[in-house]
Amino acid sequence: MELLKTALAGVYIVEPKVFGDHRGFFMESWSRRAFAQAGLDYDFVQDNHSRSTVKGTLRGVHFQRGEYAQAKLVRCVRGALVDVAVDLRRSSPDYGRWVAVELSAENHCQLLIPRGFGHGFVTLTDAVEVLYKADNPYAPEAEGGVRWNDPDLAIDWGVTSPVLSAKDEALPWLKDADAGV
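Let me sum up the structure you'll find in this document. (Residues numbered from 1 in each chain as written. Predicted model: local features only at pLDDT ≥ 70, side-chain atom pairs only at ≥ 80, totals over all residues. Heavy atoms only, no water.)

## Here's the deal with the pairing of strand β8 (residues 80–87)
In terms of burial, β8 is a largely internal element, eight of the eight residues being buried. Judged by which residues are buried, β8 turns out to be covered on both faces: Ala80, Val82, Val84 and Val86 on one side and Leu81, Asp83, Ala85 and Asp87 on the other are all buried. Sheet topology note: the β8/strand β9 (residues 98–104) ladder contains seven bridges and is antiparallel. Among the inter-strand pairings, Val86 is bridged to a residue of β9, identified as Trp98. Sheet topology note: the β8/strand β11 (residues 117–123) ladder contains seven bridges and is antiparallel. Considered in β11, the bridge of Asp83 is made with Phe121. (Buried < 20%, exposed > 50% of the residue type's maximum accessible area, 1.4 Å probe, protein only. Helix = DSSP H or I, 4+ residues; strand = E, 2+ residues; numbered from the N terminus. Pairing = 2+ DSSP bridges.)

As structure tokens, this is what we get:
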């Protein structure tokens, strides 16, 4: 496993070692020991699976507040997407900054997003499947989000008319959101 730093402290691209041959491939997608050796201490307690059927589907930007904040390890197991992490820690010098990384079934890369960050993605292909680990269980009372097209964030999603849920369409602007992280 190789950890690649991004422009945001604590957000890493994780490149697993992939062993391939004529039959396919094998890779270790998560190892507590390997992460600990890299100085990262995460106790993931929940695995989630998301499927988006149509190219241009955008999910996010989502987060959990306070004691329910979540770190995530995100990977794409079918298709391709652009994954985005947004620093929502008001006390951070990087508050409001974001990074975007292409994750795909082909590149096997993962994105490690620490607590205090918002997360979202847009699909680059049809039939995209995402698996992600979280270090805190989902708590509906602590969920929040920020609009995908917030001008203060100016995230370059690569789409102008994404496929959104009604819930994501109604998310507040960053200036009006109670991120609480």
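Once you've had a look at it, read on.
## Things to note about the packing of aromatic side chains
Scanning all chains against the criterion turns up three aromatic pairs. A ring pair is formed by Trp30 and Phe44, whose centres lie 4.9 Å apart and whose planes are at 75 degrees; its orientation type is edge-to-face. In this pair, Trp30 is assigned in the loop between β4 (24–27) and α1 (32–37) and Phe44 in the loop between α1 and β5 (46–52), connecting sequence segments 14 residues apart. Look at Trp30 and you get partly exposed, because its relative accessible area is 22%. One aromatic cluster is present, built from ring pairs that chain together Trp30, Phe35, Tyr42 and Phe44. Over the ring of Trp173 we find Arg147; its NZ or CZ atom is 4.6 Å from the centre of that ring. (Phe/Tyr/Trp six-rings, centres within 6.5 Å; stacked < 30°, edge-to-face > 60°. Lys NZ or Arg CZ within 6 Å of the ring centre and 35° of its normal.)

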